[in-house]
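Here is what each chain is made of, one letter per residue.
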Amino acid sequence: MISEPSRHCTVELQALPSRIGQVRRIISAQLRYWHLDPLIDQAALGVTELLTNVHRHAQPDKSCTVDIELLLDRLTVSVHDHDPRVPTVNEADSFATSGRGLALIAAVSESWGVRPSGAAGKAVWFTLPAVCDTSTLPPLAVYGSTTDGPFGSVSISPEAVAAAPARSAVVG
């Protein structure tokens, strides 16, 4: 028996540097809506690393989908792209300026992995423990409605993006 229903948010985008900050703000706002504020920094760091990997490495295009799902006491963040190549964890030397993305995700998450999607790409995901007071969660959308939270089809005005506070995390 499931005592708490699933919550889900999806954002489709081109993984360009200018869009990564927007997605961080969307993820942060959604987690605040779900009363999961303690997870914002970890989730934002993880999604930034995954989107940066899509931007730098994905072929044939930079199209991707970010999914966040809260199921019971687990938040799962995943990024789906069209490149079937599986990423690997690198051991960057101490002076390298890149190459630590998946190692950072492994360090801040409970678990992570890669799910192939046939020849059509893959999903890289990570989970965070989400212990929260379920009595404060907002009500679920009515069956058949088009939204589960403040971001149904994710159409955000520039004013709304500018109004969201920026958050960052430094690991090390």
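All of these numbers come straight from a predicted model, not from anything done at the bench. (Residues numbered from 1 in each chain as written. Predicted model: local features only at pLDDT ≥ 70, side-chain atom pairs only at ≥ 80, totals over all residues. Heavy atoms only, no water.)

## Things to note about the sheet that holds strand E4 (residues 111-116)
Our working rule: Note on pairing: two strands pair once DSSP finds at least 2 bridges between them. In DSSP terms, a helix is any run of H or I states spanning at least four residues, a strand is any run of E spanning at least two, and both are numbered starting from the N terminus. Note on geometry: axes are C-alpha line fits, over the in-contact stretch for helices, and angles between N-to-C directions span 0 to 180 degrees. Any two residues whose heavy atoms approach within 4.5 Å are treated as being in contact.
Reading across from one edge, E1-E2-E3-E5-E4 is the order of the 5 strands in this open sheet, with antiparallel pairing throughout. A single partner strand is all that each edge strand has here, and the edge strands are strand E1 (7-14) and E4. Mean inter-strand twist for the sheet, computed between neighbouring axes without regard to direction, equals 15°. Relative to strand E3 (residues 74-81), strand E2 (residues 63-71) runs antiparallel, the two being bridged by 8 bridges. Counterpart to Leu70 in the pairing with E3 is Leu75. In the packing of helix H1 (residues 17-33) onto the sheet, the strands contacted are E1, E2 and E3, and the crossing angle to E1 comes to about 170°.

## Focus: the pattern of salt bridges
The following threshold applies: In what follows, salt bridge is the name for a side-chain nitrogen of Lys or Arg lying within 4 Å of a carboxyl oxygen of Asp or Glu. Relative accessible area decides the class of each residue, using a 1.4 Å probe on protein chains only: under 20% of the type maximum gives buried, over 50% gives exposed, and in between gives partly exposed.
On inspection of all chains with the given rule, the structure shows 4 salt bridges. Arg74 is the salt-bridge partner of Asp73, the closest N and O atoms lying 4.0 Å from each other. For Asp73, a relative accessible area of 41% translates into the label partly exposed. Glu110 serves as the salt-bridge partner of Arg74, at 3.0 Å between the closest nitrogen and oxygen. Highlighted residues: Arg74 in strand E3 and Glu110 in the loop between helix H3 (101-108) and E4, separated in sequence by 36 residues. By relative accessible area, Arg74 is classed as partly exposed at 29%. According to the relative accessible area criterion, Glu110 is partly exposed, its value standing at 43%. Connected through shared salt-bridge partners, Asp73, Arg74 and Glu110 make up one network.

## Points about the packing of H1 against helix H2 (residues 40-57)
Counted only if it meets this: Any angle between 65 and 115 degrees counts as roughly perpendicular, while under 35 counts as roughly parallel, over 145 as roughly antiparallel, and the rest as oblique. Left-handed describes a crossing whose near helix is turned anticlockwise from the far helix by less than a right angle; the clockwise case is right-handed. Note on residue classes: Ala, Val, Leu, Ile, Met, Phe, Trp, Tyr, Cys and Pro are nonpolar, Asp, Glu, Lys and Arg are charged, and everything else, Gly too, is polar.
Closest axis-to-axis distance for the H1/H2 pair is 9 Å, and the angle between their directions is 150°. Classified by the angle their axes make, H1 and H2 are roughly antiparallel. As for how H1 packs across H2, the hand of that crossing is right-handed. Judged by residue contacts, Pro17, Ile20, Val23, Arg24, Ile27, Ser28, Leu31 and Arg32 of H1 engage Ile40, Ala43, Ala44, Leu45, Val47, Thr48, Leu51, Thr52 and His55 from H2. Partitioned by chemical class, the residues of the contact of H1 with H2 number 11 nonpolar, 4 polar and 2 charged.

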